[in-house]
Amino acid sequence: MSRKGPIPILRVGNVLLTTIHIDLQDTIAAAFQEDVLTEIEKTGAHGIVVDISGLDEVDTHVARILAETGAMARLMGTRAVLVGMRPEVAATLVRMGYAMGAIETALDVDDGLRLLGGRPKG
Amino acid sequence: MARLGFDERELQSRRAIFELHDEDLQRLTAIRAIAERHMAEVVDGFYALLLGHPGTRRFLTDDAQVARLKRTQSAYFLQLFDGRCDLPYVENRIRVGAVHERIGLAPKWYIAAYRRYLALLLERVVLDIPDRAEALAAYQSLKKIVAFDMSIAIDTYIAANLESLGRHQAAIRELSTPVIRVHERLLLLPLVGAIDSQRAQQVMEMVLVRVIEEKARAIIIDIAGVPVVDTKVADHLLKTTAAVKLIGAQTILTGISAQVARTIVQLGVDISSMHTLARLSEGIELGLELVGKRIAPKEPS
């Protein structure tokens with residue numbers, strides 16, 4: 001495993017799953033983005049679920065990295081779903097006028113996987 | 001005391017406003033003996049005022065109660081001459097104010113009673129001080145401490161009123177965003193009444209929290225009861241929709257009248273990111289579709 005950053009990326013069937021549990025500072029953010037793209041290249045996963053339920057705060061910088069990573073994944077034919085955003089985080093981002101572009105979202109990991117067809121409908 | 005934000009600093013600053021200095025307190029202690037001699041007359045004269053008016057007489061139901069209150073009043077009277085004006089003193093005054101507020105005695109009685117109190121103090125106590133200059137100084141000091149007391153009593157009234165106002169506002173806030181669970185993972189928020197920025201903010205927060213709580217896939221916001229939908233309201237709704245999307249759910253906007261549709265288009269607001277429908281029933285159908293359910297006619301049996 002040639003992971004560069006501290007954030008693990010798991011493979012669940014044909015889908016990737018990653019939980020961001022630490023602050024995405026500059027170097028970590030860059031490493032995370034590269035890890036995600038490398039993993040997509042390697043596995044050819046058709047989707048990735050990014051869980052941010054562990055983040056109390058998401059500033060526009062982090063939000064931009066997440067949105068960009070999603071857009072990059074989409075260019076490679078992989079759907080990216082952002083899940084678990086906390087209400088106060090969503091309210092703050094919207095108040096700052098940052099709606100994260102066209103990234104797909106879901107309530108939690110379960111819903112995210114279901115959205116990508118990684119799980120039976122329920 | 002905490003409710004009034006009364007601490008040592010406030011005490012000092014208030015004493016400064018009323019020019020209630022240590023010399024004043026000492027002056028009052030010096031005439032304590034004279035005051036004690038006339039205590040009964042002052043207290044009796046004070047209750048004569050209260051018993052003489054229907055507005056205050058209704059609080060004084062029987063003789064035993066009046067006797068008890070007179071004893072409390074005597075204690076209060078003597079405290080004026082204790083030469084102390086510290087936090088325990090203030091706490092005592094706040095308690096007195098709170099009791100009167102609770103029984104519903106209007107502040108005008110308070111002020112009127114204090115006026116009579118001062119008059120009695122002047123007639124009975126101050127005029128009994130042999131030296132004229134001393135008597136005048138003592139009267140000034142008395143006026144200071146009585147005005148100080150009065151300010152605390154009025155503050156207590158205001159604080160109590162603000163508190164009940166706050167409770168009512170909280171109740172209204174809660175009533176103004178009733179998020180209802182229509183079906184598993186489908187919520188409904190019927191908005192009624194005008195939406196200002198503060199309420200819009202609160203609507204957004206409530207919606208987000210409830211969506212998470214109920215793990216909702218979609219929330220229907222019905223605006224049939226909102227009288228005016230202008231650019232601002234539309235913007236608030238758009239923001240809420242964006243935030244709901246960020247946490248992974250969808251918003252359906254229903255109750256859009258012809259008038260509102262016209263306004264929104266004429267204002268040039270782009271609400272294409274929302275599902276919009278005229279009727280709530282259609283919104284519920286769409287919402288159910290989003291959670292994978294559908295309303296079907298009952299099989300003929």
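Residues numbered from 1 in each chain as written. Chains lettered and ligands numbered in written order. Predicted model: local features only at pLDDT ≥ 70, side-chain atom pairs only at ≥ 80, totals over all residues.

### Observations concerning the overall build of chain A
Tallying secondary structure elements over chain A gives four helices and five strands in all. The linear arrangement of helices and strands in chain A, starting from the amino end, is β-β-α-β-α-β-α-β-α. Here chain A holds 122 residues, and 41% of them are scored as buried. Sequence separation of at least 24 residues holds for 76% of the intrachain contacts in chain A that already meet a minimum separation of 6. (Helix = DSSP H or I, 4+ residues; strand = E, 2+ residues; numbered from the N terminus. Buried ≥ 20, exposed ≤ 12 C-beta atoms within 10 Å, placed from the backbone. Contact = placed C-beta atoms within 7 Å.)

### Considerations on helix α2 (residues 22-30) of chain B
All names here are of chain B. If you check which residues of α2 are buried, you get D24, L25, R27 and L28. Burial along α2 is one-sided: seen end-on, the buried residues are contained in an arc of 160°. Exposed residues pointing more than 90 degrees away from the buried face of α2 are listed as D22, E23 and Q26. Where α2 is buried, its residues meet α8 (132-176). (Arc of directions from axis to C-beta.)

### With respect to the packing of helix α1 (residues 26-43) of chain A against helix α2 (residues 60-75) of chain A
Residues and elements named next belong to chain A. Relative to each other, α1 and α2 sit at 20°, their axes nearing to 10 Å. Relative to α2, α1 is oriented roughly parallel. Crossing of α1 over α2 shows right-handed handedness. Where α1 abuts α2, its residues A29, Q33, V36, L37 and I40 lie against I65, T69, M72 and A73. Within the contact of α1 with α2, the residues separate by chemical class into seven nonpolar, two polar and no charged. (Axes fitted to C-alpha atoms, helices over the stretch in contact; angles between N-to-C directions. Parallel < 35°, antiparallel > 145°, perpendicular 65-115°, else oblique. Left-handed = near helix turned anticlockwise from the far one by under 90°. Nonpolar A, V, L, I, M, F, W, Y, C, P; charged D, E, K, R; others polar.)

### A word on the confidence of the model for chain B
Residue and element names in this part refer to chain B. Confidence in the prediction for chain B averages 87 pLDDT; 99% of positions are at 70 or higher. Model confidence for chain B, summarised as mean pLDDT per element, is weakest for helix α4 (residues 54-57) at 82 and strongest for strand β4 (residues 250-254) at 94. Our summary of model confidence lists the complex with pTM equal to 0.61 and ipTM equal to 0.80. (pLDDT = per-residue confidence, 0-100.)

### Some points on the nonpolar core
Within the largest apolar cluster, 72 residues are counted, with the highest numbers of intra-cluster contacts made by A:I48, A:A90, B:L208, B:V211, B:I219, B:A243 and B:I247. Apart from residues lying up to four places away in sequence, A:A90 is in contact with A:M85, B:L208, B:A243, B:L246 and B:I247. Of all hydrophobic cores here, the second largest spans 21 residues; its members include B:L28, B:F46, B:L50 and B:L120. (Core = buried A, V, L, I, M, F, W, Y, C linked by C-beta atoms within 7 Å.)

### A closer look at the environment of B:R57
Along the chain, B:R57 falls in helix α4. It is 9.5 Å that separates the C-alpha atoms of B:R57 and B:Y47, two residues lying 10 residues apart in sequence.

### Here's the deal with the sheet that holds strand β5 (residues 104-106) of chain A
Residues and elements named next belong to chain A. As summarised here, the arrangement of the five strands in space is β1-β2-β3-β4-β5, forming an open sheet in which the pairing is mixed. Since the sheet does not close on itself, it has two edges, and those belong to β1 (9-12) and β5, each with one partner. Strand-to-strand twist across the sheet, computed as the mean angle between neighbouring axes with direction ignored, equals 25°. Alignment of strand β2 (residues 15-19) against strand β3 (residues 47-51), held across five bridges, turns out to be parallel. Counterpart to L17 in the pairing with β3 is V49. Running at roughly 30° to β1, α1 makes contact with β1, β2 and β3 of the sheet. (Pairing = 2+ DSSP bridges.)

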